[in-house]
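Single-letter residue listing:
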Amino acid sequence: MPSIEGVFAVVQTEWIPPSVDISVPSMARTYDFLLGGAHNFAVDRALAEQVERVMPDARSAARVNRAFLGRVVRHMIGQGVTQFLDIGSGIPTVANVHEVAQAVDPRCRVVYVDKDPIAVAHSELMLADNDHAAIVHADMRDPAAILGHPETRRLIDFDQPVGLLVLMMLHWVPDEADPWGLMATYRDALAPGSHLAITHVTADQQDERLTDVTDLIKDSRSADQLTERSHDQVLALFGDFELVEPGLVGCAAWRPGGPGDISDTPEMNMVIYGGVARKP
Ligand SMILES: C[S@@+](CC[C@H](N)C(=O)[O-])C[C@H]1O[C@@H](n2cnc3c(N)ncnc32)[C@H](O)[C@@H]1O
């Protein structure tokens, strides 16, 4: 008979893929903690708590970003989009893209992409019975692997408009990896009428506190390191797609529909830029 402690240890660890080092934080898990999720470890919670010390109410910024996600998915469906590619989709939480989209139109198809093994493992579990959605384990720096993946090809018709979501992800891609060139490759793969949504951390209004957050992440030895970017740098990620109103703004200001869309802490409404653009 295993001891109670032994049983507890099995319950605690059986969902952890063997490749995961739980002694360094991952940004997928730290963000999961900020959103109130359960798929994170002590090292992630410790980092999140340090972040909250220098940036109180950081979790409301994460919530505001998730609310933006829901609004843009519904907006895109209103524009005729029924297929979505969500790159850097994260650990499943409430109101995931397929749930928002399929609640509006059950025919919607969704391909999630993430490089984090825990995000992938939990997405696989969540999607086991959903034939209209899948998760691809890949790094966004390898567009060919994502665009050519059999699941992507099964679920997405690139001759029809696609909703490409790249939310809270590109600030983990350093300038040396050329996020602008990578986004051009993704944009080129899409049909006219496709839409691109991006959210991205900025220090435009928050210089000192965001520098402190960046330093905390650096000290944590996480494989993910934060590159905050300016309005012009984020704008350039949309290329020649046409921004829809109100343009690239603090994501809480992008067509808010209710109190849950906006943080009570004004700075948290400005720390993440959000925008949606259409391919002409
Ligand atoms: C902060 S979470 C955002 C989750 C979700 N998109 C949202 O906005 O709520 C960022 C996710 O991007 C993933 N990510 C970071 N760099 C990536 C890369 N190069 N390729 C694929 N995924 C990446 C992380 O693993 C993490 O799950």
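1. Overview of the packing of helix α3 (residues 42-54) against helix α10 (residues 207-219)
Between α3 and α10, the shortest axis-to-axis distance is 9 Å and the interhelical angle comes to 160°. Looking at the two axes, α3 sits roughly antiparallel to α10. Classified by chirality, the crossing of α10 by α3 is right-handed. Mapping the contact onto sequence places Leu47, Gln50, Val51 and Val54 in α3 and Arg209, Asp212, Val213 and Leu216 in α10. Split by residue class, the contact of α3 with α10 holds five nonpolar, one polar and two charged.

2. Structural notes on the nonpolar core
Within the largest apolar cluster, 77 residues are counted, with the highest numbers of intra-cluster contacts made by Val64 and Leu165. For this core, the element with the most residues is helix α4 (residues 58-78), which contributes ten residues. Among residues more than four places away in sequence, those in contact with Leu165 are Leu69, Phe84, Asp86, Ile87, Val97 and Ala197.

3. Focus on helix α2 (residues 27-34)
Of all the eight residues making up α2, eight are buried; the element is thus mostly covered by neighbouring parts of the structure. The complete set of buried residues in α2 reads Met27, Ala28, Arg29, Thr30, Tyr31, Asp32, Phe33 and Leu34. In this fold, the buried residues of α2 make contact with α3, α4, β2 (109-114) and α6 (117-127). Count one or two residues on from α2 and you reach Gly36, which has phi positive near 90°.

4. As for the site of the ligand
Taken together, 23 residues form the shell around the ligand, and within it Ala28, Gly88, Gly90, Asp116 and Leu167 come nearest. Those elements that place two or more of their residues in the shell around the ligand are α2, α4 and β2. Residue composition of the shell around the ligand, by class: twelve nonpolar, four polar and seven charged.

Conventions and cut-offs
Counting of residues starts from 1 at the beginning of each chain's written sequence and follows it residue by residue. Local features are withheld for residues below a pLDDT of 70 in this predicted model, meaning they are given only at 70 or higher, and side-chain atom pairs are given and counted only at 80 or more; totals for whole chains, interfaces and linings count all residues. Here the axes come from fitting lines to C-alpha atoms, over the contacting stretch only for helices, and the angles between their N-to-C directions go from 0 to 180 degrees. Each helix is a run of H or I in the DSSP string that is no shorter than four residues. Each strand is a run of E no shorter than two, and both are numbered from the N terminus. For this classification, under 35 degrees means roughly parallel, over 145 means roughly antiparallel, 65 to 115 means roughly perpendicular, and everything else is oblique. Left-handed is the label given to a crossing in which the near helix is rotated counterclockwise from the far helix by less than a right angle, and right-handed is the label when the rotation is clockwise. Two residues qualify as being in contact provided that their C-beta atoms, derived from the backbone, are within 7 Å of each other. Following the grouping adopted for this structure description, the nonpolar residues are Ala, Val, Leu, Ile, Met, Phe, Trp, Tyr, Cys and Pro, the charged ones are Asp, Glu, Lys and Arg, and the polar ones are all others, Gly among them. Think of a nonpolar core as buried Ala, Val, Leu, Ile, Met, Phe, Trp, Tyr and Cys residues, each tied to the set through C-beta atoms within 7 Å. Partly exposed residues are those whose C-beta has more than 12 but fewer than 20 other C-beta atoms within 10 Å; with 20 or more the residue is buried, with 12 or fewer it is exposed, and the C-beta atoms are placed from the backbone. By convention here, the C-beta atom is placed from the backbone, and a residue is near a molecule or strand when that atom is within 6 Å of it.

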